[in-house]
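# Survey of secondary and tertiary structure
Okay, here's what each chain looks like letter by letter:
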Amino acid sequence: IAVTTVSIGKQNLLLGTELISAHGAYSKILQVATSLHDVDQTLTTLWQILIAGGVIATLLAFGAGWWLAGTAVRPINRITSTAQEIGATQDFSRRVAHDGPPDEVGRLAATFNTMLARLQAAFQTQRRFVADASHELRTPLTSIRGNLGLLQREPPIAEADRVAVLSDLVSESERLSRLVGDLLTSTAAASVPVGG
């Protein structure tokens, strides 16, 4: 049997053809046709379902991906926002709040909090250093200023007092030089990064 599909008008038919032989010779042809309308209708419906299902599945996947990306990025946005606020206010006592699992974002938050703690300690050390340095520098400068005022007095001070004042000026200027040298050494040591 030879089976083919033929179209008559707008309808598809499945046509089966068989040659019938009698006494060794083909004398007749038998053809049987059946409508493919139900099969075509089923295929069309299936095709429409597949397209609609594909569109719906794509939209659902896109929505789920959007939601998952937003959920994954939200902690990073919170860290970024906190970092910007800390930079604007220079409040190094603040920390990044993270209550999620210890994944990459959790490690980032922990690292950021460790960095903030180190910055806070360095900032407090710097403030103490500046306060101590200004106090230490103020004493010899006040002494030098007072001694210079004595040397400028009219009438001039006695020669023995002038020699004592000059000796005190030399001593205070040497002290001032040592303090400035110590400050420069401390500043250079503080600028070297410590491993950790």
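Bear in mind that the values here come from a model prediction, so they are computed numbers and not experimental data.

## Some details on the packing of aromatic side chains
- Tallied over the full model, the rule gives two aromatic pairs.
- Ring geometry for F62 against W66: centres 6.0 Å apart, planes inclined by 40°, an arrangement best described as tilted. Taken as a pair, F62 and W66 lie in helix α1 (residues 37-89) at a separation of four residues, close to a single helical turn.
- Its relative accessible area of 57% is what places F62 among the exposed residues.
- You can call W66 exposed: its relative accessible area is 65%.
- Here F92 and F123 contribute two aromatic rings whose centre-to-centre distance is 5.6 Å and whose plane-to-plane angle is 65°, an arrangement assigned as edge-to-face. In this pair, F92 is assigned in the loop between α1 and α2 (104-151) and F123 in helix α2, connecting sequence segments 31 residues apart.
- Here F123 falls in the partly exposed class, since its relative accessible area comes to 31%.

## Digging into the side chain of T82
- Along the chain, T82 turns up in helix α1.
- Looking at T82, its side chain comes within polar contact range of the main-chain oxygen of R78, at 2.9 Å.
- For T82, the residues in contact, after removing those within four places along its chain, are R94, R95 and V96.

The rules behind these values
- Residues numbered from 1 in each chain as written.
- Predicted model: local features only at pLDDT ≥ 70, side-chain atom pairs only at ≥ 80, totals over all residues.
- Heavy atoms only, no water.
- Phe/Tyr/Trp six-rings, centres within 6.5 Å; stacked < 30°, edge-to-face > 60°.
- Helix = DSSP H or I, 4+ residues; strand = E, 2+ residues; numbered from the N terminus.
- Buried < 20%, exposed > 50% of the residue type's maximum accessible area, 1.4 Å probe, protein only.
- Polar contact = N/O pair within 3.5 Å; in protein donor to acceptor, adjacent residues only side chain to side chain.
- Contact = heavy atoms within 4.5 Å.

All quantities given are derived from atomic positions and should not be read as evidence of function.
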